[in-house]
Amino acid sequence: MPGVVAVLFDWAGTMIDFGSRAPVIAMKNVLAQANVPVEEVTIRRYMGMAKREHVLSILSEPAVAQRWRDAYGADWTTADVDKLMVALEPAMQASAVSCSAMIPGAVDVFQTLLAQGIKVGSTTGYTQTMMVPILKAATQQGYDPEVTICAGMTPQGRPAPLMLWRAMAELGAWPARLCVAVDDAPVGISAGVHAGLWTVGIAGSGNGVGLRSADFYALDEGEKRRRMAPVVAEFVVAGADFIIDTVADLPRVLAMLEDDLAKGASPSGQPSRVLVHDTWTIGA
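Residues numbered from 1 in each chain as written. Predicted model: local features only at pLDDT ≥ 70, side-chain atom pairs only at ≥ 80, totals over all residues. Heavy atoms only, no water.

(A) Geometry of the packing of helix H3 (residues 51-60) against helix H4 (residues 62-72). Put simply, H3 and H4 touch, their axes get as near as 5 Å, and they point 80° apart. Our classification of the angle between H3 and H4 gives roughly perpendicular. Listed contacts from H4 to Ile58, Leu59 and Ser60 of H3 are Pro62, Val64, Ala65 and Trp68. Taken together, the residues that form the contact of H3 with H4 break down as six nonpolar, one polar and no charged. (Axes fitted to C-alpha atoms, helices over the stretch in contact; angles between N-to-C directions. Helix = DSSP H or I, 4+ residues; strand = E, 2+ residues; numbered from the N terminus. Parallel < 35°, antiparallel > 145°, perpendicular 65-115°, else oblique. Contact = heavy atoms within 4.5 Å. Nonpolar A, V, L, I, M, F, W, Y, C, P; charged D, E, K, R; others polar.)

(B) Representation of the pairing of strand E1 (residues 6-9) within the structure. Across the two faces of E1 the burial is the same, with Ala6 and Leu8 and Val7 and Phe9 all buried. Pairing of E1 with strand E2 (residues 119-123), which is carried by four bridges, proceeds in the parallel orientation. Along E2, the bridge assignment pairs Phe9 with Ser122. Where E1 lies against strand E4 (residues 179-183), four bridges are found, and the strand directions are parallel. (Buried < 20%, exposed > 50% of the residue type's maximum accessible area, 1.4 Å probe, protein only. Pairing = 2+ DSSP bridges.)

(C) Layout of the pattern of salt bridges. Counted by the stated rule, this structure contains 15 salt bridges. Here Glu40 and Arg21 are joined by a salt bridge, their closest N and O atoms 3.1 Å apart. Taken together, the residues Glu40 in helix H2 (residues 40-44) and Arg21 in the loop between E1 and helix H1 (22-33) connect sequence positions 19 residues apart. The class of Glu40 is partly exposed, set by a relative accessible area of 26%. Overall, Arg21 belongs to the buried group, its relative accessible area being 14%. The shortest N-O distance in the salt bridge between Glu223 and Arg227 comes to 2.9 Å. Of the two residues, Glu223 and Arg227 both sit in helix H11 (residues 221-238), four residues apart, roughly one turn of that helix. With relative accessibility at 32%, the residue Arg227 sits in the partly exposed group. If you follow the salt bridges from partner to partner, you end up with Glu221, Lys224, Arg225 and Asp245 in one network. (Salt bridge = Lys/Arg side-chain N within 4 Å of Asp/Glu carboxyl O.)

Here is the structure:
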């Protein structure tokens, strides 16, 4: 039986920027400058979406919409969103530079996949402009996926499967049941499910926990699990096939997946498997 032919990674919180800090910093600053302060928890609620849809979702929250009315005496408009997006582009580039470290183990996993002949692509909710400094920083650290599909390069972003399908097309990777999507946001897992790929949720290094690497690893094991529990639960609901702490655990997923494929298994055909204390468990 053929094995995995391609792995498609998300970027922030999955391969780079432990805790997915850059989007939070940029959006918080841009909205504050627009006299509409927004809490981090609200910004993180929509992480993984294309950034314009992300901004629209934040502004559509009743409390934020009211802050806008209080500041400007009227509801926000699409023209206002356009102005915010113009400000967000350079803000994202600046915050990306300060959050550009690869997640521990990410480069090793990338090199292992290449050595095994597995194609590596990527998708992101960032625009192409936002990705310029991120791609440069990643390449300098040894991570250079063959394909990167950004927000705006397909008619719809996540949870639609179109970015993943375009990445697969450009890689020449098929069938879908031999491809894997790895993401730290439930909306990215939903995209993978819709695309027909195997999906791997990243619970520790991503948006759900939102801690810097040093802060995350300073937690004792019990506190880590407590903080990741709601993230794991969201991934289960989204239909993730596997759920792990960080991308460093991905080789263990692929080893299990090879066994699944040898048995003729298909994506989303069984309950989520979660790696906890070096042991695989079912569900949250």
